[in-house]
Amino acid sequence: MQFRKLARTAALAAAGLSMVAGAALAQAQTAEQFVPLLVYRTGQFAPLGIPWADGKQDYLKLVNARDGGVNGVKLTYEECETAYDAAKGVECYERLKNKGSGASGFDTQSTGITFAVTDKAFVDKMVVETPGYGLSQSADGSVFEWNFPLLGTYWTAADVMMQDIAKKEKGNLKGKKIALVYHDSPYGKEPIPLLQKRAEAQGFELSLFPVTPPGVEQKSTWLQIRQQKPDYVLFWSAGVMTPAGIREAQASGYPRDKIYAIWWAGSDHDVKDIGAGAKGYNAITLHNSAAKDKVQDDLKKLVHDKGQGTGPASGIGSIAHTRGMMISMLQVEAIRAAQEKYGKGKAMTPEQVRWGFENLNLTAEKLKALGFGEIMRPVKTSCSNHMGDDWARIIQWDGGKWEIKSGWYQSEKTYIDPLIKEYAAKYAKDKNVKPRAC
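Report follows, based on the coordinates. (Residues numbered from 1 in each chain as written. Predicted model: local features only at pLDDT ≥ 70, side-chain atom pairs only at ≥ 80, totals over all residues. Heavy atoms only, no water.)

Here we look at the sheet that holds strand β12 (residues 393-397)
The criterion, for reference: Should DSSP find at least two bridges between two strands, the strands are regarded as paired. The secondary structure listing takes helices from DSSP runs of H or I that are at least 4 residues long and strands from runs of E that are at least 2 residues long, numbered from the N terminus. Fitting a line to C-alpha atoms yields each axis, with helices limited to the stretch in contact; the angle taken between N-to-C directions then spans 0 to 180 degrees. Residue contacts are counted whenever heavy atoms from the two residues lie within 4.5 Å of one another.
Here seven strands make up an open sheet; going across it, the order is β6-β5-β7-β8-β9-β12-β13 and the pairing mixed. Each of the sheet's edge strands pairs with one partner strand only, and the pair in question is β6 (205-211) and β13 (402-404). Between one strand axis and the next, the sheet turns by 25° as a mean value, whatever way the strands run. Sheet topology note: the strand β8 (residues 259-261)/strand β9 (residues 282-285) ladder contains two bridges and is parallel. In the sheet register, Tyr-260 faces β9, and the bridge partner there is Asn-282. Packed onto the sheet, helix α5 (residues 154-168) meets β5 (177-183), β7 (232-236), β8, β9 and β12 and runs at close to 160° relative to β7. Of the strands in this sheet, β5, β6, β7 and β8 touch helix α8 (residues 219-228), which is tilted by about 165° from β6.

In structure tokens:
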């Protein structure tokens, strides 16, 4: 009798465990994680925005196809067209922020939109992910709890450019003339504080040349460049402004090998049609632009070969497409890190995803497993450091393809850290934000 009772109890317990396991499996299979995709497939920056947007969406498709999502949680997404307009970007943010279990963070694809939504993010408790752009001071996580300018900022980019120039000049920039030709917008103005600090410390002369958006007309700017004869030109451009500027530099006789472009002005589409006319043109890049890796092979095999690619398969491996995939990968890995803390197989809330962004630790081994080992360097974030590790290198157009022309640089903290501290403190004071203790 006692044996029968024990057997019946065990059977009931087993059935109960089976039901719990089945329910957990069903939850994992039905859970969905929403990722908003702000894009600009139209407007002045469309030549850059289209492959960037394709790469972001392609990677999410790949994770679903290859891995079944993140620990069984399917990634869902919705594009919202901003045309690089701040007002439209805010509309997209407001419309998408509460979808699903809450948006998994916004890659705004625009410094102007980043400025516009940052104040809202504090209130909404919503991640703003800006790899390689946005507010440079938001690297300070003690003030900017919800902003993550991962991998580098416009200050670190300008700093690396100046390091490479200084190397060419054998370490002495005193008396040199450096010109900044920039898109007259928050995006284009971002590097100015860093360049002013360096000019003061290193003794070079800095000249500023704002270009009215969209930047198609630059003839007068490059005529001034020809007259003033700067030793180097830093080019803060994107979209239609980039090839227009390169052609004007060519027409005015300014050497393209003396031009250093920001990463958004250093994509394949910026120079391909100009060909030999752009030979020598330098750009900075966040990743190993000459390399392809397993992630591209997986994308072609599991997504594009099945007719499910976002854009043309010919775009796979291009600089802008790869960068789009990198950005989505960082977002996916933040979700994965959050699941490690808050529960695998569950959809994460925006606050939980924020924790994941703040605790990223993408080692060389992890990047290799993800198929990005040849493309980018390791990155680790923390409460105080929302940028993580910044690595960049210089590439040069040889008339037909990009070539790597430098090793990996990191920004010089003697210039960067005081600027971050100064501008973050000013933001905290102006916005009445109490810095966290990190």
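From this point, the narrative continues.
Some points on the packing of aromatic side chains
Remark: the centre distance and the inter-plane angle together describe each pair of aromatic rings, the angle taken between the planes. For clarity, the cut-off: Each Phe, Tyr or Trp ring (for Trp, its six-membered ring) is paired with any other whose centre lies within 6.5 Å, and the angle between the two planes then decides the class: stacked below 30 degrees, edge-to-face above 60, tilted in between. Note on exposure labels: buried denotes an accessible area under 20% of the residue type's maximum, exposed denotes more than 50%, and partly exposed covers the range between, all computed with a 1.4 Å probe on protein chains only. Working rule: Lys NZ or Arg CZ, within 6 Å of ring centre, within 35 degrees of ring normal, means a charge sits over the ring.
Applying the stated criterion to the full structure yields 23 aromatic pairs. Relative to Trp-355, the ring of Tyr-342 has its centre 6.1 Å away and its plane inclined at 85°; by these criteria the two rings are edge-to-face. You can see Tyr-342 sitting in helix α12 (residues 319-342) and its partner Trp-355 sitting in helix α13 (residues 350-358), a full 13 residues away along the chain. Since its relative accessible area comes to 31%, Tyr-342 is described here as partly exposed. Feature note: the residues Tyr-40, Phe-45, Trp-52, Tyr-84, Tyr-133, Tyr-154, Tyr-187, Trp-236 and Trp-264 constitute an aromatic cluster, connected by ring pairs. The ring centre of Tyr-342 lies 5.5 Å from the NZ or CZ of Lys-341, which sits over that ring.

Description of the pairing of β9
Here β9 shows two buried faces, one formed by Asn-282 and Ile-284 and the other by Ala-283 and Thr-285. As defined by bridge partners, β9 adjoins β12 across four bridges and the pair is classed as antiparallel. Residue Asn-282 lies in a different strand from β12, and its bridge partner there is Gln-396.

Looking at empty space enclosed by the protein
What counts, and what does not: As defined here, a cavity is a set of points on a 1 Å grid over the protein atoms alone where a 1.4 Å probe fits but cannot get out. A pocket is an open set with protein on both sides within 12 Å along at least five of seven lines, and residues line them when an atom is within 4 Å of a point. Grid points are joined across faces, edges and corners, and a volume is the space filled by probe spheres set on the points. We call Asp, Glu, Lys and Arg charged. Ala, Val, Leu, Ile, Met, Phe, Trp, Tyr, Cys and Pro are nonpolar, and the rest, Gly among them, are polar.
In the structure shown here, the tally under the stated rule is three cavities of 30 Å³ or more. In this structure, the largest cavity occupies an estimated 70 Å³ of space. Every residue lining the largest cavity is counted, 13 residues in all, and those nearest its centre are Tyr-40, Tyr-84, Gln-109, Tyr-154 and Trp-264. Within the lining of the largest cavity, the residues separate by chemical class into ten nonpolar, three polar and no charged.

Quick notes on α8
Residues that lie three or four places apart on an α-helix share one face, since the helix turns once every 3.6 residues. What counts, and what does not: Note that the arc is defined by the directions from the helix axis to the C-beta atoms.
Every buried residue of α8 is accounted for by Thr-221, Trp-222 and Ile-225. In a view along the axis of α8, the buried residues occupy a sector of 90°, so they form one face of it. Where the residues of α8 are buried, they touch β5, β6, β7, α9 (241-252) and β8. Phi for Lys-229, located one or two positions after α8, is positive at around 50°.

Re the state of the cysteines
So the rule is basically this: Note on terminology: pairs of cysteine sulfur atoms within 2.5 Å are recorded as disulfides.
Scanning the model with the defined rule gives two disulfides in all. The side chain of Cys-80 participates in a disulfide bridge whose partner is Cys-92; the two sulfur atoms lie 2.0 Å from each other. Taking the sign of the S-S torsion, -75° for the link of Cys-80 and Cys-92, the bridge is left-handed. Separated by twelve residues along the polypeptide, Cys-80 in strand β2 (residues 74-81) and Cys-92 in helix α3 (residues 86-96) bring together distant segments of the chain. Judged by relative accessible area, Cys-80 falls into the buried class, the value being 7%. Residue Cys-383 pairs covalently with Cys-438 via a disulfide, S to S 1.9 Å. Looking down the S-S bond of the Cys-383 and Cys-438 bridge, the torsion is -65°, so its handedness is left-handed. A residue pair is termed long-range when its members are at least 10 positions apart, and Cys-383 in the loop between β11 (379-380) and β12 and Cys-438 in the segment after α15 (413-431) qualify at 55 residues. A relative accessible area of 54% means that Cys-438 is categorised as exposed. Once the bonded cysteines of the chain are numbered in order along the sequence, the disulfide links fall as 1-2, 3-4.

Some words on the layout of surface pockets
The computed volume of the largest pocket comes to approximately 320 Å³. Taken together, 18 residues form the lining of the largest pocket, with Pro-51, Ser-314, Gly-315, Ile-316 and Ser-318 sitting closest to its centre. Taken together, the elements giving at least two residues each to the lining of the largest pocket come down to α2 (46-67), α10 (268-271) and α12. A per-class count over the lining of the largest pocket returns six nonpolar, seven polar and five charged.

Describing the pattern of salt bridges
Convention followed: Put simply, a salt bridge is a Lys or Arg side-chain nitrogen that is within 4 Å of an Asp or Glu carboxyl oxygen.
In total, this model carries 29 salt bridges according to the counting rule given. A salt bridge links Asp-398 to Lys-401; its shortest N-O distance comes to 2.8 Å. Of the charged contacts in the structure, one is a salt bridge between Lys-401 and Glu-403, with a shortest N-O distance of 3.8 Å. Residue class for Lys-401 comes out partly exposed when judged on its relative accessible area of 46%. Here Glu-403 falls in the partly exposed class, since its relative accessible area comes to 30%.

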